[in-house]
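So the chains spell out like this:
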Amino acid sequence: MYDYKAMSVFVCVVEQGSMQATAEQLSMTPSAVTQSIQKLETHLQIKLLNRTTRKLSLTEAGEIFYQNAKQMQQSAENAVKSVELLRSQPIGQLNIACATGLMDSLLINAFKSVLDSHPDFHLNLLFEDKVIDLLENRIDIALRAGPGVLSDNMIARHLYTFELIMVAHKDYLQEKGMPNNLEELAKLDWIGFSNTRYSSIILKNQQEEKEISPEYRIHCNSLYASRCLTMKGLGISVQPDADVKQALASGELVQIFPEWKLPSVPLYLVTIQRIQSEKVRIACELITDYFKQLY
């Protein structure tokens, strides 16, 4: 194993010109400096410095070694500076994994100010409904929804609780007719997505509870895709109320049996490191503030 400290001491000796000056520069004793150089020469099995009572001079090997050791020291300094810069400014690529239901939300607009102000900041968004490995995919921040999505090594904060509702396009209901009861509802055309949790649906109406098994005519791989297909009048789907708020207000989508409630879905902001870079800190703050406004 290389003694990088001794190599740094050697570089300082060459640049300071004496053991005494090096000792003062590095807050070491002159004898400790001398021992570091002797240890380095012993390890390399070659003399690096010619030492007299008046001056130090480099041997041929010492000159070659100094040039490369200086580059090593400079690379180490650059490495430290790059990390310090990463911690002090939002630079580099920020990887965020979030549910596809957030694709058409205003959340991404929250990053506009950072993107405009910091040209070295880049945003990489991975929309995925399945749970992915944060370490393997080098994810900085994940927005995970539902029960059982957290593990022990994660740092999570609760952001929001989504209320799920059953919706259909007005044209679909005009064609098929509004169902009279839950049994009729289950037999209509349903649009499902990759989450198997909704293969059957538990509904509550005050103290009454019922379970239905929808007849899924269409399956797709994301919540967002199921919403797009619902908007095209192809059937009924379960959607977070916040995501279809505008479509409900305009009358384009219609909520079916609003008195029957589905289990709510918690949303968490997840990271795997307690010490964060500045870009992650700012992003967490922007995301948290965005969901606070939804309450």
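Residues numbered from 1 in each chain as written. Predicted model: local features only at pLDDT ≥ 70, side-chain atom pairs only at ≥ 80, totals over all residues. Heavy atoms only, no water.

Under an unreviewed UniProt entry, the chain has the name LysR family transcriptional regulator and belongs to Actinobacillus indolicus.

(A) Geometry of the domain arrangement of the chain. Here the chain is described as being made up of domain 1 (4-83), domain 2 (92-159 + 266-293) and domain 3 (164-263). Relative placement of domain 2 and domain 3: their C-alpha centres are 28 Å apart. Contact with domain 2, which involves 7 residues of that partner, is made by 9 residues of domain 3. Contact between domain 2 and domain 3 buries roughly 630 Å² in total, counting both sides, with carbon and sulfur atoms accounting for 51%. Counting the surface domain 2 buries against domain 3, the share from its top three residues, Gly101, Asp104 and Asp129, is 52%. At the surface where domain 2 touches domain 3, the tally comes to 0 salt bridges. The tally of links from domain 2 across to domain 3 stands at 2 residue pairs in polar contact (both at pLDDT 80 or more). (Domains from an automatic or database assignment. Contact = heavy atoms within 4.5 Å. Buried area = accessible area lost by both parts, 1.4 Å probe. Salt bridge = Lys/Arg side-chain N within 4 Å of Asp/Glu carboxyl O. Polar contact = N/O pair within 3.5 Å; in protein donor to acceptor, adjacent residues only side chain to side chain.)

(B) Looking closely at the packing of aromatic side chains. Summed over the entire model, instances satisfying the criterion amount to 5 aromatic pairs. Residues Trp190 and Tyr216 carry aromatic rings whose centres are separated by 6.2 Å and whose planes lie at 75° to one another, so their mutual orientation is edge-to-face. Separated by 26 residues along the polypeptide, Trp190 in strand β8 (residues 190-192) and Tyr216 in strand β11 (residues 216-219) bring together distant segments of the chain. Residue Trp190 is classed as buried on the basis of its relative accessible area, which comes to 1%. On the basis of relative accessibility, which here comes to 21%, the residue Tyr216 falls in the partly exposed class. Ring geometry for Tyr290 against Phe291: centres 5.0 Å apart, planes inclined by 85°, an arrangement best described as edge-to-face. In this structure, Tyr290 and Phe291 share a single accessibility class: buried. Each member of the aromatic cluster is reached from another via a ring pair, and the members are Tyr160, Phe162, Tyr290 and Phe291. (Phe/Tyr/Trp six-rings, centres within 6.5 Å; stacked < 30°, edge-to-face > 60°. Helix = DSSP H or I, 4+ residues; strand = E, 2+ residues; numbered from the N terminus. Buried < 20%, exposed > 50% of the residue type's maximum accessible area, 1.4 Å probe, protein only.)

(C) Structural detail: the nonpolar core. Counting 48 residues, the largest nonpolar core has Ile141, Leu143, Met166, Leu185, Ile287 and Phe291 as its most contacted members. Looking at this core element by element, the count peaks at 8 residues for helix α10 (residues 278-292). Looking at which domains feed residues into this core, each of domain 2 (92-159 + 266-293) and domain 3 (164-263) supplies at least three. The contact partners of Met166, leaving out residues within four places of it in the chain, are Leu185, Trp190, Leu203, Ser237, Val238, Val254, Gln255, Ile256, Phe257 and Leu262. With 16 residues, the next largest nonpolar core counts Leu49, Phe65, Tyr66 and Ala69 among its residues. (Core = buried A, V, L, I, M, F, W, Y, C linked by side-chain atoms within 4.5 Å.)

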